[in-house]
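# Structure at a glance
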Amino acid sequence: MHENKDLDYDIIICGGGLAGLSLSYIALKTSIWTSERILIIEQDRKEENDRLWSFWESGRSIFEHIVYRQWTNLKFFSNAGKLIDIDHAPYVYKMIRSSDFYRTTKEFLKTFPNVHFLNEKITKVVGFDDSCEVTTESHFLRCKYAFSSIYHKPELSPGQQYFLQHFKGVKIRSEELRFDLSTAWLMDFRTEQEHGATFFYTLPMSHNEIFVEYTFFSKKVLSESDYDAGIHEYIKSVLKLQQYEFLETEMGAIPMTNYHFQRRNGNLIFIGTAGGDTRASTGYTFTNLQKTITNILSAYKKSGSPVNFKEHHGILTSLYDGTLLQVMDASSYPPHQIFTDLFEHTDGKSIFKFLDAESSIFTDFKIMKSLRTWPFLKAFAKELWLRCK
């Protein structure tokens, strides 16, 4: 712990959502920050179930006790209606509800006298070589280290891509449902493709409830009425349901970009989407974020400083993601066909390892071989040129 008595806190967490609460919770669960004075600042109280986090995992994580549902069988449907059973063992697909996550992490953190919460809007965060300054609507605070998950859309350079994974999800109830509760439809492209990569994500929740998400990979969001029309059409034409009721809804837009996010500025470290933890090729954040947190805390435990932690994915992974975005931008290879070719010719466990940045060069080559070569070669050359110029 530092010696400077002028500092208000050792650590300030700017943003009390998935990233900030995960970092704080794991740090205290593993007894790494038991002596540090910690402040968590979040404008909202984060109590409602405002989103669902889904991810694949081959083992058990520190959040296993709050996993709401899990599926051991995953299926893929092509735009033409072809069914592919995804060979993904030992991976299991899991879901955590944000309300369970918020409640569990905050109840635990509030048992520590060194942890404090502040519900205010943050107006400014500045990092220096030996400290950080955080300004809220009514406070000016200083700390040794700050972690920020506050996201601002970056200013892009020519050639950089900025797609969105945007979606509307609905939980519905119907007595007409006949779903195997162990089986989820990971990607279902049986819908119109006029707005880019467009698919449904369909997860059974109980014998008469199902979660359906209408998802797009494109550069513009739709009007809510467009999402609603697509969802109703899917429920009637694909799920074949005539009588159903809506229980919950969620909407969101997650950036998918080859922009290189700044990880830190002095003792200010950016985490979550703000730090580049959202996988540009998929929009998935949960697993990447947890790996970043593990490396941050490992560095802190060893040296007393988090600033020189090791990133869990490198330049090659970033190049792969950027290449896919360039292919999508060029419109030379329909996105629904990219994913169909991928899942048709590559086993699911290899795909999941690749998307978790845990694959070997052999696996990477196997995945590349399953796709059309020329569009990806051109896109890879463009992405490489952009980074080297």
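Residues numbered from 1 in each chain as written. Predicted model: local features only at pLDDT ≥ 70, side-chain atom pairs only at ≥ 80, totals over all residues. Heavy atoms only, no water.

### Some thoughts on a negative patch on the surface
The grouping of Glu192, Glu194, Asp226 and Glu233 at the surface amounts to a negative patch. Here Glu233 lies in helix H3 (residues 224–237). (Patch = residues over 30% accessible without salt bridge, like charges linked within 9 Å, V, L, I, M, F, W, Y side chains within 5 Å. Areas by Shrake-Rupley, 256 points an atom, 1.4 Å probe, with all protein chains shown as cover. Salt bridge = Lys/Arg side-chain N within 4 Å of Asp/Glu carboxyl O. Lys, Arg positive; Asp, Glu negative; His and termini not counted. Charge placed at Lys NZ, Arg CZ, Asp CG, Glu CD. Helix = DSSP H or I, 4+ residues; strand = E, 2+ residues; numbered from the N terminus.)

### Focus on the sheet that holds strand E7 (residues 92–97)
Strand pairing in a sheet is mediated by backbone hydrogen bonds. Such pairs are either parallel or antiparallel. Strands sit in the order E3-E7-E4 across an open sheet of 3 strands; the sheet is antiparallel. Single-partner strands in this sheet number two, and they are strand E3 (52–57) and strand E4 (67–71). The average undirected angle you get between the axes of adjacent strands in this sheet is 25°. Inspection of the sheet shows E3 paired to E7 by 6 bridges, in the antiparallel sense. Within the sheet, the bridge partner assigned to Phe55 lies in E7 and is Lys94. (Pairing = 2+ DSSP bridges. Axes fitted to C-alpha atoms, helices over the stretch in contact; angles between N-to-C directions.)

### Some words on the pairing of strand E13 (residues 183–188)
With 6 of its 6 residues buried, E13 lies for the most part within the structure. When strand E5 (residues 73–77) meets E13, the two strands line up parallel, connected through 5 bridges. Considered in E13, the bridge of Leu74 is made with Ala184. Pairing of E13 with strand E14 (residues 197–206), which is carried by 2 bridges, proceeds in the antiparallel orientation. Across the sheet, residue Asp188 finds its bridge partner in E14, namely Phe200. (Buried < 20%, exposed > 50% of the residue type's maximum accessible area, 1.4 Å probe, protein only.)

### Side note on the packing of aromatic side chains
Per the counting criterion, the structure on display carries 35 aromatic pairs. The interplanar angle of 80° and the centroid separation of 5.2 Å between the aromatic rings of Trp53 and Phe101 together place this pair among those described as edge-to-face. Within this pair, whereas Trp53 is found in strand E3, its partner Phe101 is found in helix H2 (residues 98–109), the two being separated by 48 residues in sequence. Among the residues examined, Trp53 registers a relative accessible area of 12% and is labelled buried. You can call Phe101 buried: its relative accessible area is 0%. Measuring from ring centre to ring centre gives 4.2 Å for Phe55 and Phe286, while their planes differ by 10°; the resulting arrangement is stacked. (Phe/Tyr/Trp six-rings, centres within 6.5 Å; stacked < 30°, edge-to-face > 60°.)

### A short note on the confidence of the model for the chain
For the chain, per-residue confidence averages 95 on the pLDDT scale, and residues scoring 70 or more make up 98% of the total. Low pLDDT, under 50, characterises residues 1–5; the predicted model gives this stretch 9 contacts beyond four residues in sequence or across chains. (pLDDT = per-residue confidence, 0-100. Contact = heavy atoms within 4.5 Å.)

### So, the sheet that holds strand E12 (residues 162–173)
If you walk across this open sheet you meet the 7 strands as E6-E5-E13-E14-E15-E12-E16, and the pairing is mixed. Of all strands in the sheet, those with a lone pairing partner are strand E6 (83–86) and strand E16 (245–257), marking the two edges. On average, adjacent strands in this sheet sit at an angle of 20° to one another, irrespective of strand direction. Against the sheet, H3 makes contact with E12, E13, E14, strand E15 (209–218) and E16, and its axis sits at roughly 55° relative to E12, the strand it touches most.

### Things to note about the pattern of salt bridges
Evaluation of the coordinates by the stated rule reveals 24 salt bridges. The salt bridge involving Lys349 is made with Asp87; its shortest N-O contact spans 3.3 Å. Of this pair, Lys349 sits in helix H7 (residues 348–355) while Asp87 sits in the loop between E6 and E7, and the two are 262 residues apart along the sequence. A relative accessible area of 30% means that Lys349 is categorised as partly exposed. Judged by its relative accessible area of 42%, Asp87 falls in the partly exposed class. Salt-bridge contacts for Asp188 lead to Arg190; the nearest nitrogen and oxygen are separated by 2.8 Å. For Asp188, a relative accessible area of 0% translates into the label buried. On the basis of relative accessible area, Arg190 is assigned to the partly exposed category, the value being 26%. A single salt-bridge network, built from bridges that share partners, covers Asp87, Asp347, Lys349 and Lys366.

### Here we look at the packing of helix H1 (residues 18–29) against helix H4 (residues 286–303)
Here H1 crosses H4 at 40°, and the two axes come no closer than 10 Å. Relative to H4, H1 is oriented oblique. Between H1 and H4 the crossing geometry is right-handed. Along the contact surface, H1 presents Leu18, Ala19, Ser22, Leu23, Ile26 and Ala27, while H4 presents Phe286, Leu289, Gln290, Ile293, Ile296 and Leu297. A breakdown of the residues in the contact of H1 with H4 according to their chemical character gives 10 nonpolar, 2 polar and no charged. (Parallel < 35°, antiparallel > 145°, perpendicular 65-115°, else oblique. Left-handed = near helix turned anticlockwise from the far one by under 90°. Nonpolar A, V, L, I, M, F, W, Y, C, P; charged D, E, K, R; others polar.)

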